[in-house]
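Observations on the model geometry
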Amino acid sequence: MTKTVTVTGAAGAIGYAILFRIASGQLLGPDEKIKLKLLEIEPALKAAEGTAMELHDCAFPLLDSIDITADANEAFDGSNVAMLIGARPRQKGMERADLLEANGAIFGPQGQAINAGAADDVRVLVVGNPANTNALIAMNNAPDVPRERFTAMTRLDENRAVSMLAQKLGVGVEDIQDLVVWGNHSPSMFPDLFNAKVRGERAVNQVDMDWYENEYMPAVGKRGAAIIEARGASSAASAANAAIDHMRDWALGADGLRSMAVPSSGQYGVEEGLVSSFPVRTQGGSYEVVEGLEVGDFAQSKLDITVNELKEERDAVKGLGLLG
Ligand SMILES: NC(=O)C1=CN([C@@H]2O[C@H](COP(=O)(O)OP(=O)(O)OC[C@H]3O[C@@H](n4cnc5c(N)ncnc54)[C@H](O)[C@@H]3O)[C@@H](O)[C@H]2O)C=CC1
Ligand SMILES: O=C([O-])CC(=O)C(=O)O
């Protein structure tokens, strides 16, 4: 079988880190041939061509073809997997509303192009920030695509949370299960140690609450900023890795609870339609939000903060007329 995988922002840092992994079979497994469609803005097309040359030079047996375009309709035509990575970064002096508007101008038309031409089984992952709200915009501009096909990435936050907890407790990352991050991909996100387990035991019982709230939560939430501070550029290889994890688990299934930002149908009191990170289980090419997990007063208060932020972002883009 052959699948069409569209990658936007293909000439960017995450694009460079993800394309080789996709073409080598790490996204959809060893039996799926890949047609790559790379979407870039005009000035970056040449750089995307350079990356395509290197992809050819790897002689990946699974790589069927590479198309490069600045036309969203062409890029999403027949797309089975759409990785929306390219976005407008915040620049100096840019207000939050300007950033939302600039990204609306990208994710609105991309949603329309997905609506017009993607394959019936298209699965969309938005990585470009603000990821949850960009996914909301794309979803609202694609009325014929089932809403649950639009997701945003909080897997990097989950992976960071797992790694930091493993280091704190001196255990392996494989000893930690079901560590889910809720809400927005922003410093307000909530890494949930109440439902997470370390070697089968409740994680929250193995840490100090003061460390959890005042060290761990901010460290997970602000890890992106810490990487920018250290590297002089935002996370790229780890973001690409998380995007592969997200999409592979969705397409091929995985054990345990995972974090995915998906449109709410009202679970856990999160307003319907908001794209919020939830605990999900993936199986057979689909995911479901796992209901009935413990959400005590502490967790609820943190969830309220991050979901309120999502509502504010939603109201802002709605006010700008970006929701179709
Ligand atoms: N959700 C998450 O956990 C994470 C999200 N990010 C976000 O991912 C995005 C990409 O990051 P990088 O690759 O490091 O940025 P980058 O600036 O290196 O690359 C972005 C690329 O997108 C392209 N682009 C801009 N507008 C486009 C459009 N309309 N269509 C197609 N391509 C377009 C640019 O030309 C550029 O090549 C950023 O918004 C970043 O904040 C980064 C890390 C983690
Ligand atoms: O802050 C950024 O631009 C990058 C990001 O989302 C992260 O590393 O979590």
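Residues numbered from 1 in each chain as written. Chains lettered and ligands numbered in written order. Predicted model: local features only at pLDDT ≥ 70, side-chain atom pairs only at ≥ 80, totals over all residues. Heavy atoms only, no water.

This brings us to a negative patch on the surface. A surface patch of like charges, here negative, comprises Asp 67, Asp 71, Glu 74 and Asp 77. Note on placement: Glu 74 falls in helix H3 (residues 72-76). For Glu 74, a relative accessible area of 45% translates into the label partly exposed. (Patch = residues over 30% accessible without salt bridge, like charges linked within 9 Å, V, L, I, M, F, W, Y side chains within 5 Å. Areas by Shrake-Rupley, 256 points an atom, 1.4 Å probe, with all protein chains shown as cover. Salt bridge = Lys/Arg side-chain N within 4 Å of Asp/Glu carboxyl O. Lys, Arg positive; Asp, Glu negative; His and termini not counted. Charge placed at Lys NZ, Arg CZ, Asp CG, Glu CD. Helix = DSSP H or I, 4+ residues; strand = E, 2+ residues; numbered from the N terminus. Buried < 20%, exposed > 50% of the residue type's maximum accessible area, 1.4 Å probe, protein only.)

With respect to the helices and strands, Thr 154 occurs in the loop between strand S6 (150-152) and helix H6 (155-169). Separated by 23 residues in the primary sequence, Thr 154 and Ala 131 have C-alpha atoms spaced 8.8 Å apart. Beyond its immediate chain neighbours, meaning those up to four positions away, Thr 154 contacts His 185, Ser 259, Met 260, Ala 261 and Ser 277. Only 2.7 Å separates the side chain of Thr 154 from the side chain of Ser 277, close enough to count as a polar contact. (Contact = heavy atoms within 4.5 Å. Polar contact = N/O pair within 3.5 Å; in protein donor to acceptor, adjacent residues only side chain to side chain.)

Around ligand 2, the neighbouring residues are Asn 129, Arg 160, His 185, Gly 224, Ile 228, Ser 234 and Ser 235. Interatomic distance of 2.7 Å between a side-chain N/O atom of His 185 and an oxygen atom of ligand 2. One nitrogen or oxygen atom from the side chain of Ser 235 is found 3.1 Å from an oxygen atom belonging to ligand 2. Computed on the free molecule, ligand 2 has an accessible area of 270 Å², of which 72% lies beneath the protein chains in the complex. (Near = heavy atom within 4 Å.)

Nothing here speaks to function; it is all geometry.
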